[in-house]
Amino acid sequence: MLFGTNNQMHGTLYRLVPDVIYQGARGQEGGGRVWRWVGKQLAHTEDTPLFGPYIPVLIQPVVSGSQPHPGQVKEHHCLSTYSASTMGNFIQGCKDYFSQQKNTNIRLTLPVVCFVWQIAMIILFGVFIRYDEESDTHWVETKAHDNITSDIENDFYFRYPSFQDVHVMIFVGFGFLMTFLKRYSFGAVGFNFLIASFGLQWALLMQGWFHSLDPQTGKIFIGVESLINADFCVAGCLIAYGAVLGKVSPVQLLVMTLFGVTLFAVEEYIILNLLHARDAGGSMVIHTFGGYYGLTISWVLYRPNLHQSKRMQGSVYHSDIFAMIGTLFLWMFWPSFNSAITDHGDGQHRAVINTYLCLASTVLTTVAISSFSQKTGKLDMVHIQNSTLAGGVALGTAAEFMISPYGALIVGFLCGIISTMGYIFISPFLEKTLKIQDTCGIHNLHAMPGVIGGIVGAITAAAASESVYGKQGLINTFDFTGDFKDRTVLTQGGYQAAGMCVSIVFGVAGGAIVGSILKLPIWGDPADENCFDDEVYWELPDEEEEHQESIPPILEYNNHMIHKRQDLSESNFSVEHCES
């Protein structure tokens, strides 16, 4: 038996109906050939279900003008065309499946994911996680055995101040930095809270399996430094969140964090353990990976109709003030971030000084470029919120190196210029040409400065000398001990550069895979016209609900995705009228 299908010929839709074999010629131009369609009859129809009983059959080229010849069809023609056409139907079916109407009801999926994953964490922690010797009750015996005279030598008293600073950055700094959108503050802070709370638990396990698993007991022993490293791991996922802010569901964010933490632990192990690169502040491991991971996911999840929610993409006066609070928390505590896990003593001290100076330098050049880029000389709050932090990102790798105070100022000087120019020129290029919709501009704050940090770290390591560091200083700074005792500074510089490449590869490849998973229409992500709106996933206060369909005209100014019209000479503000 033959099977039939729909096909468009000369603007008319036909269905080929199975049953009695009939062969007739019907003209369809294409490459100078005329095609023969096989079936019982040509019957006009308006539509046929995609997965119905009508499947494509033989399309056989014949001479133009030939006449029908009944019964001249071979079975193998039907089989070959059946396979090819079925594949075409499958592809079209996939397209229709992925473009079906969005369902944002996560009443079942979100609770199930949260409960199941938290129960899994409880079980895994019960099996693997234990206190280390400095947090265990046997600390008294450890003190006596190691001739420790005071509890002040417990690592807690060295690391906890830095841990608290980093913890504030993760939960307050990152969360409030993303509140610039006029109607997505709940999602910015609330989902940041969710990601970090799940991510730090999974990070303790993943990093423990790779870095601190005791081969004799099969247990992971954690202390205050483990908590800092878990926060670092979470930071990479929060950076990635910035690229998709307002466009994904909380279930997607949890899935993205699950895979992001896993990828982070692997690339961190390769860079820090196998390559033995130094990256105290995470320019490569955290910022470069997190930046390109998020950008690639955003590229895979590209929304061609995102303009339908344009009225929600802007910021208002109070939302930018809240975002600036996040900026100030991050800016103040960034020296702690870059120095938190460096060696006690001179390394930690030097990392704080270098980061402190670099950040200060970045502020001035950011303000200068922001003002110069506008015809009226006014400052753009987006630049002040983000580019002022780029210096801290770029100095992460070299923070503990002998880069010198003036070298730190130079790095900050350059980062303020490059990051601000990125918001002005590169972000529009990424969205228009590469189809990357980067909500928070993480390319300019994390990805690009992270690469700069990797380059600075590689050059500084390769240029290190015994006259500057001292013989023991080189050994301590670059940990030239054990299997790496014979490594030279030039070789170390090469491995530093290799580490940066590893972080980019993991970010791009991992983002492509995870983005494909998140593209499945099962996660409850919002429709294009409902992006950047808290109403989709949050119960809003009554006064908000009363006006949710009628947002009054507002003064909207440049945010990370909408750029001011350059022809406005007297003001950089534009009034947007939103229809109810």
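What you see is a predicted model, and the numbers here were worked out from it, not measured in a lab. (Residues numbered from 1 in each chain as written. Predicted model: local features only at pLDDT ≥ 70, side-chain atom pairs only at ≥ 80, totals over all residues. Heavy atoms only, no water.)

Side note on helix H9 (residues 317-339)
Line of reasoning, step 1. In this model, H9 (23 residues) spans 34 Å end to end at C-alpha, consistent with the 33 Å of a helix rising 1.5 Å per residue.
Line of reasoning, step 2. Of all the bends in H9, the greatest, near 50 degrees, is centred on Phe 333, and the proline Pro 335 appears no more than four residues after it. (Helix = DSSP H or I, 4+ residues; strand = E, 2+ residues; numbered from the N terminus. Expected span 1.5 Å × (residues − 1). Bend = angle between axes of the 7 residues up to and from the residue.)

Remarks on a nonpolar patch on the surface
Line of reasoning, step 1. Judged by side-chain polarity, Tyr 406, Ile 410, Phe 413, Leu 414 and Ile 418 come together as a nonpolar surface patch covering roughly 510 Å² of accessible area.
Line of reasoning, step 2. Relative to the elements of secondary structure, Leu 414 occurs in helix H13 (residues 405-432). (Patch = residues over 30% accessible without salt bridge, like charges linked within 9 Å, V, L, I, M, F, W, Y side chains within 5 Å. Areas by Shrake-Rupley, 256 points an atom, 1.4 Å probe, with all protein chains shown as cover. Salt bridge = Lys/Arg side-chain N within 4 Å of Asp/Glu carboxyl O.)

Re helix H14 (residues 442-462)
Line of reasoning, step 1. The end-to-end C-alpha separation of H14 is 29 Å, in line with the 30 Å expected for 21 residues at 1.5 Å each.
Line of reasoning, step 2. With 18 of 21 residues buried, H14 is to be regarded as a mostly interior element. (Buried < 20%, exposed > 50% of the residue type's maximum accessible area, 1.4 Å probe, protein only.)

Notes on the pattern of salt bridges
Line of reasoning, step 1. Per the stated rule, a full pass over the model turns up eight salt bridges.
Line of reasoning, step 2. Of the charged contacts in the structure, one is a salt bridge between Arg 159 and Glu 225, with a shortest N-O distance of 3.9 Å. Of this pair, Arg 159 sits in helix H4 (residues 155-177) while Glu 225 sits in helix H6 (residues 224-244), and the two are 66 residues apart along the sequence.
Line of reasoning, step 3. Of the charged contacts in the structure, one is a salt bridge between Asp 346 and Arg 350, with a shortest N-O distance of 3.0 Å. With Asp 346 and Arg 350 both in helix H10 (residues 346-372) and four residues apart, the pair spans about one turn of that helix.

Structural notes on the environment of Asp 483
Line of reasoning, step 1. Looking at the secondary structure, you find Asp 483 in the loop between helix H16 (471-478) and helix H17 (489-518).
Line of reasoning, step 2. Asp 483 sits 207 residues away from His 276 along the chain, and the two C-alpha atoms are 9.9 Å apart.

Focus: the packing of aromatic side chains
Line of reasoning, step 1. The final tally for this structure, using the stated rule, is 20 aromatic pairs.
Line of reasoning, step 2. On the numbers, 4.6 Å between centres and 50 degrees between planes, the contact of Phe 232 with Phe 337 is tilted. Residue Phe 232 is found in helix H6, and its partner Phe 337 is found in helix H9; the two are separated by 105 residues along the sequence. Like Phe 337, Phe 232 is buried.
Line of reasoning, step 3. Considering the side-chain rings of Phe 289 and Tyr 293, the 5.4 Å spacing of their centres and the 15 degrees angle between planes classify their relative orientation as stacked. A residue pair is termed a helical-turn pair when its members lie 3 or 4 positions apart in one helix, as Phe 289 and Tyr 293 do in helix H8 (residues 283-300) at four residues. (Phe/Tyr/Trp six-rings, centres within 6.5 Å; stacked < 30°, edge-to-face > 60°.)

Here's the deal with the side chain of Thr 397
Line of reasoning, step 1. Relative to the assigned elements, Thr 397 resides in the loop between helix H12 (390-394) and H13.
Line of reasoning, step 2. Discounting residues that sit within four places of it in the chain, Thr 397 has contacts with Arg 278, Asp 279, Ser 283, Met 284, Gly 453, Gly 454, Gly 457 and Gln 496. (Contact = heavy atoms within 4.5 Å.)

Let's talk about the environment of Lys 435
Line of reasoning, step 1. By the secondary structure assignment, Lys 435 is in the loop between H13 and H14.
Line of reasoning, step 2. Relative accessible area serves as the criterion here: at 34%, Lys 435 is assigned to the partly exposed category.
Line of reasoning, step 3. With 131 residues separating them along the chain, Lys 435 and Pro 304 place their C-alpha atoms 8.4 Å apart.
Line of reasoning, step 4. Apart from the residues lying within four places of it in its own chain, the contact partners of Lys 435 are Ser 298, Trp 299, Tyr 302 and Leu 430.
Line of reasoning, step 5. In this structure the side chain of Lys 435 is engaged in a polar contact, spanning 3.3 Å, whose partner is the backbone oxygen of Lys 432. (Polar contact = N/O pair within 3.5 Å; in protein donor to acceptor, adjacent residues only side chain to side chain.)

Focus on the nonpolar core
Line of reasoning, step 1. Grouped together as the largest cluster of nonpolar side chains are 92 residues, with contacts concentrated most on Ile 170, Tyr 241, Leu 245 and Met 256.
Line of reasoning, step 2. Tallying contributions element by element places H6 first for this core, with 14 residues.
Line of reasoning, step 3. When neighbours within four sequence positions are excluded, Ile 170 is seen to be in contact with Gly 175, Asn 192, Ala 196, Asp 231, Val 234, Ala 235 and Leu 238.
Line of reasoning, step 4. Among the nonpolar cores identified, the runner-up in size contains 19 residues, and Ile 452, Ala 464, Leu 474 and Phe 478 belong to it. (Core = buried A, V, L, I, M, F, W, Y, C linked by side-chain atoms within 4.5 Å.)

Section: the confidence of the model for the protein chain
Line of reasoning, step 1. In this model, the protein chain carries an average pLDDT of 84, and 76% of its residues clear a pLDDT of 70 or more.
Line of reasoning, step 2. Here residues 1-80 is a poorly scored stretch, pLDDT under 50, and it has 137 contacts once near neighbours within four places are set aside; other chains count.
Line of reasoning, step 3. Considering only residues more than four positions removed or in separate chains, one finds that residues 553-558, a stretch of pLDDT under 50, has 31 contacts. (pLDDT = per-residue confidence, 0-100.)

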